[in-house]
Amino acid sequence: MDLSFSPAEERFRADLRAWLEANPPGAEPDRLDLAVAHGKAWQGKLYEAGWCGVHWPKQYGGRGASLIEQIIFQEEMARARSPQLVNLAGLTMGGPVLIAHGTEEQKQRHLQSILSAKEIWCQGFSEPNAGSDLAALKTRAVLDGDSFVVNGQKVWTSFARYADWCMLLVRTDPEVPKHKGITFLLVDMHTPGVTVRPLKQISGDEDFNEVFFEDVRVPRANVIGKINAGWDIAITTLMHERQTLTFNRQLQSRVALNQLLAMARRHPTTRPAARQPLLRQKLAAAYIDSEAMKYTALRNLTKVLRGGEPGPEGSIEKLFWSEMYQRLLETAVEIEGPYGQLLKASPYAVEEGIWPHLMLYSRGRTIAAGSSEIQRNIIAERVLGLPRMR
Ligand SMILES: Cc1cc2nc3c(=O)[nH]c(=O)nc-3n(C[C@H](O)[C@H](O)[C@H](O)COP(=O)(O)OP(=O)(O)OC[C@H]3O[C@@H](n4cnc5c(N)ncnc54)[C@H](O)[C@@H]3O)c2cc1C
């Protein structure tokens, strides 16, 4: 694996760094609706300047650059302390899925508005009785003329309240084996019959939701791929979700680690936390975790650069990151001692005083995008080739 960057890649980094210094992301508001508005303006500005969709094709508003430049983009965004881009589901799942499986018309219609954050996307996969066993989903879509009529319920749909489009998995044939009767539909969230109810989380946030569909009419032209062939597309979507977010996650946790080390050096616990042997060991372990994650991500990236699609190896990164991030945040709260009980509500920025908030929020990381148990099953069966559990 070659870990150095080419002169063109270094130029790309320097240009982006200069742009970010001239156009800093600004402090993110605490309240979710204001944070979403701020995020839309910030992503729109990046798009106008040509920095969004770095490795998406130029004809759809991207920059047509390499995956390496996309990673440099993420590194520089983390360095500039940018918040997570607001249209996360569109950028990491919706766009890549449309590029791979969408019709030309669908690509023309959606890709630029995903990049500019003019339209926000959400992922309507999970249901009350279909999470890990996603193929058990029951939301029904029945063809009626040129449109489907959708009835059912989704749950845990992140950002549905602010979303314009939903990647919706529906059952279109209940008579065949469960994986074979699923269709991947794009649903306009403003269609009559769609109701969104926010859910309050342990951290106090309300960024995921229940979504109800009551006789919602969706044009047949909004099918991605073929009718009843949505399962394979859903799996590609999840692999993109697990793998393409890796560098983001790794950088997010590295930023948090740097903040944690700075806090450990000065925090007024009984004596400086950085000098307590047990805490020092935890801090060193957090650093080692972060490095191990970086090199594992690079190894998997090398595979993708050599022509592969994101594969089940993304589960290794997702599993490792979600557990190491929780350990890191627990160490931060431990260092804070009694201060660790004070909660400041902002899910995004890493600042002293919001560690307990991040720690509580991170509990969901080992569940979202497939729980740790499910990732272990995937690694066992599809990476290590072990026999299936009976
Ligand atoms: C922060 C957050 C954001 C989310 N955002 C979205 C979103 O935007 N869109 C969306 O569609 N979904 C979203 N989800 C839902 C998420 O994908 C599901 O919660 C997840 O897939 C688990 O499903 P479940 O909650 O139904 O749990 P269940 O599937 O009921 O699992 C319950 C427990 O049983 C274990 N288990 C289940 N099956 C097995 C097995 N075969 N082997 C071993 N253990 C097993 C699980 O690991 C878990 O511990 C989000 C979840 C979170 C926490």
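See the structure shown above.
Residues numbered from 1 in each chain as written. Predicted model: local features only at pLDDT ≥ 70, side-chain atom pairs only at ≥ 80, totals over all residues. Heavy atoms only, no water.

1. As for the layout of surface pockets
For clarity, the threshold we go by: Here a cavity denotes a set of grid points, spaced 1 Å apart and computed over the protein atoms alone, in which a 1.4 Å probe fits but from which it cannot get out, and a pocket denotes an open set meeting protein on both sides within 12 Å along at least five of seven lines; residues with an atom within 4 Å of a point are reported as lining. Grid points are joined across faces, edges and corners, and a volume is the space filled by probe spheres set on the points. Per the convention used, a helix needs a DSSP run of H or I reaching at least four residues, while a strand needs a run of E reaching at least two, with both numbered from the N terminus. All residues other than Ala, Val, Leu, Ile, Met, Phe, Trp, Tyr, Cys, Pro, Asp, Glu, Lys and Arg, Gly among them, are scored as polar; the first ten of these are nonpolar and the last four charged.
Space inside the second largest pocket adds up to approximately 620 Å³. Lining the second largest pocket are 27 residues, and of these Phe-5, Ile-71, Glu-75, Lys-294 and Leu-298 lie nearest its centre. Those elements that provide at least two residues to the lining of the second largest pocket are helix 1 (7-22), helix 3 (67-79), helix 7 (246-266) and helix 8 (277-305). Looking at side-chain class alone, the lining of the second largest pocket contains 13 nonpolar, four polar and 10 charged residues.

2. Observations regarding the site of the ligand
The criterion, for reference: Nearness is judged by heavy atoms alone; a residue qualifies as near a molecule or strand once a single heavy atom is within 4 Å of it. Any N or O atom pair separated by 3.5 Å or less is treated as a polar contact, with the protein-specific requirement of one donor-capable and one acceptor-capable atom, and with residues adjacent in sequence counted only for side-chain atom pairs. Areas reported as accessible are Shrake-Rupley estimates using a 1.4 Å probe. Residue values count occlusion only from the protein chains shown.
Close to the ligand lie 17 residues; Gln-123, Ser-132, Trp-156, Ser-371 and Glu-373 are nearest. Within the contact set of the ligand, an oxygen atom lies 2.7 Å away from a backbone nitrogen or oxygen of Ser-126. For the ligand, a nitrogen atom lies 2.9 Å from a polar atom in the backbone of Trp-156. With the chains in place, 64% of the 970 Å² that the ligand exposes on its own is no longer accessible.

3. Details of the pairing of strand 3 (residues 147-158)
Under the convention used in this document: Pairing between strands is defined by DSSP: at least two bridges between them are needed.
Pairing of strand 2 (residues 140-144) with strand 3 involves five bridges; the strand directions are antiparallel. Residue pairing in the sheet places Arg-140 in a bridge with Asn-151 of strand 3. The turn joining strand 2 and strand 3, which pair antiparallel and follow one another in sequence, is formed by two residues; a positive phi near 65 degrees is taken by Gly-145. Taken together, the nine bridges between strand 3 and strand 7 (residues 208-219) define a ladder with antiparallel strand orientation. When the bridges of strand 7 are listed, Val-149 appears paired with Arg-217.

4. With respect to the packing of aromatic side chains
Formally: Note on aromatic pairs: the rings of Phe, Tyr and Trp (six-membered ring only in Trp) are paired at centre separations within 6.5 Å, and the planes decide the class, stacked below 30 degrees, edge-to-face beyond 60, tilted for the rest. Exposure is judged per residue with a 1.4 Å probe applied to protein chains only, and the accessible area is read against the type maximum: over 50% gives exposed, under 20% gives buried, and values in between give partly exposed.
Taken as a whole, this structure holds six aromatic pairs when the rule is applied. Note on Trp-321 and Tyr-325: the rings are 5.6 Å apart at their centroids and 15 degrees apart in plane angle, and the pair reads as stacked. Linking Trp-321 with Tyr-325, this pair stays in helix 9 (residues 314-336), spanning four residues, or about one helical turn. Assessed through its relative accessible area of 4%, Tyr-325 is described here as buried. Ring pairing ties together the aromatic residues Phe-12, Trp-19, Trp-42 and Trp-51, which thus form one cluster.

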